Amino acid sequence: MTSVTLTIAGSDSGGGAGIQADLKTFQELDTFGTSVLTAVTAQNTEGVHAVQPIQTDIVIAQLEAVLDDFTIGAAKTGMLFSSEIIEAVAETIRRYPAFPLVIDPVMIAKGGSSLLQQSAIDALKTHLIPLATLLTPNLPEAEVLTGVSIKTLADMEFAAQHLLKMGCKAVVMKGGHREEASFAEDLFMSAEGDSFLMKSKRIETKDTHGTGCTFAAAITAELSKGQTIADAVITAKHFIQAAIEDGLNLGNGHGPTNHAALRNRGSAERKDVELNGKR
Ligand SMILES: Nc1ncnc2c1ncn2[C@@H]1O[C@H](COP(=O)(O)OP(=O)(O)O)[C@@H](O)[C@H]1O
Ligand SMILES: Cc1ncc(COP(=O)(O)OP(=O)(O)O)c(N)n1
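Residues numbered from 1 in each chain as written. Chains lettered and ligands numbered in written order. Predicted model: local features only at pLDDT ≥ 70, side-chain atom pairs only at ≥ 80, totals over all residues.

- An unreviewed UniProt entry lists the protein under the name Hydroxymethylpyrimidine/phosphomethylpyrimidine kinase, from Sporosarcina quadrami.
- Under the heading Sequence similarities (unreviewed entry), UniProt records this for the protein: "Belongs to the ThiD family." (UniProt positions renumbered as here; feature names shortened; annotations may be inferred.)

Shown next, in the form of structure tokens:
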């Protein structure tokens, strides 16, 4: 049977990140995507022009409409904007039968615009992270959540352990922002003690808009199909690597990735990610 995925996130009018990236990824990975909109952004490859959060009762009405009707295989959260939305989403999710939940703690868009109010960071830590099957921070987000300055792989490990103590089952810390490194290295660590590094060639491109959303959505799709957390993360790393490598060269700024890349190549193309430490 087709598995149903859910994204709780903001809209990116430019189509590279947010709800749009999530739904394209869900579709590419053969799942049926549903969505709960938390905010509308007027955004393109050059930046965010405006942000309008959705009223919290409308966010929750969307969430209840989806959860009342579908059996969710896995869900993800992206831009949540405020502590009010975070608390209401967490409270609603807790009222329904559990499903794997990926929390992408979206804070700031590539151009520097804020997608999460400063006052919402505590709500994220207290209400949502403890519900997470997997937390997927980029390096600046991990620094904000932990207060740890992250420059090296050892720093990444230290911060990941800190994040696990907040109650999530696993963390994948994304290394996309370590621009000085010649590899894009993401660290996976679980509360059960699994730990490995996923290493791929860093692609020289400005077209990396929505990489985090796309990566987390691919993980969600794979979890919904019954993959383990570790295997879902590895498949998603292949998905995002291909999506960045086969970029579409759209727009004048940081262009979107190519969500159809892995399908177009044929999914046998899985040689470009090295795993260190995976048992
Ligand atoms: N230039 C790049 N080349 C290869 N992989 C990249 C590149 N930039 C980001 N990635 C990968 O994309 C995924 C998302 O990471 P990142 O860009 O750090 O997230 P975010 O969009 O949340 O800031 C990670 O798997 C990361 O390693
Ligand atoms: C509506 C919306 N949600 C999330 C983001 C951030 O997406 P991300 O994948 O982190 O990509 P960049 O913004 O870093 O390109 C967004 N921009 N808009």
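Picking up after the structure, the text goes on.
**With respect to the confidence of the model for the protein**
Moving on, step 1. Per-chain confidence: the protein averages 96 in pLDDT, with 97% of residues scoring 70 or above.
Moving on, step 2. We note a pTM of 0.98 for the whole complex and an ipTM of 0.98 for its interfaces. (pLDDT = per-residue confidence, 0-100.)

**Things to note about the packing of helix 3 (residues 83–94) against helix 4 (residues 121–128)**
Two measures define how a pair of helices packs: the angle their axes make with one another and the distance between the axes.
Moving on, step 1. Running from amino to carboxyl end, helix 3 crosses helix 4 at an angle of 10 degrees, the nearest separation of the two axes being 9 Å. In terms of orientation, helix 3 and helix 4 fall into the roughly parallel class. Residue-level contacts link Ser83, Ile86, Glu87 and Ala90 of helix 3 to Ala123, Leu124, His127 and Leu128 of helix 4.
Moving on, step 2. Split by residue class, the contact of helix 3 with helix 4 holds five nonpolar, two polar and one charged. (Axes fitted to C-alpha atoms, helices over the stretch in contact; angles between N-to-C directions. Helix = DSSP H or I, 4+ residues; strand = E, 2+ residues; numbered from the N terminus. Parallel < 35°, antiparallel > 145°, perpendicular 65-115°, else oblique. Contact = placed C-beta atoms within 7 Å. Nonpolar A, V, L, I, M, F, W, Y, C, P; charged D, E, K, R; others polar.)

**As for helix 1 (residues 18–28)**
Moving on, step 1. Here helix 1 lies mainly inside the structure; ten of its eleven residues are buried.
Moving on, step 2. Of all the residues in helix 1, the buried ones are Gly18, Ile19, Gln20, Ala21, Asp22, Leu23, Lys24, Thr25, Phe26 and Glu28.
Moving on, step 3. As for helix 1, its buried residues are in contact with strand 1 (4–12), strand 2 (32–44), strand 4 (72–77), helix 7 (211–224) and helix 9 (261–265). (Buried ≥ 20, exposed ≤ 12 C-beta atoms within 10 Å, placed from the backbone.)

**A word on the site of ligand 2**
Moving on, step 1. Surveying the vicinity of ligand 2 reveals 20 residues, the closest of which are Gly10, Ala17, Gly18, Lys110 and Gly212.
Moving on, step 2. Elements supplying a minimum of two residues to the shell around ligand 2: strand 1, strand 2 and helix 7.
Moving on, step 3. A per-element tally of the shell around ligand 2 places strand 1 first, with four residues.
Moving on, step 4. Within the shell around ligand 2, the residues separate by chemical class into seven nonpolar, eleven polar and two charged. (Near = placed C-beta within 6 Å.)

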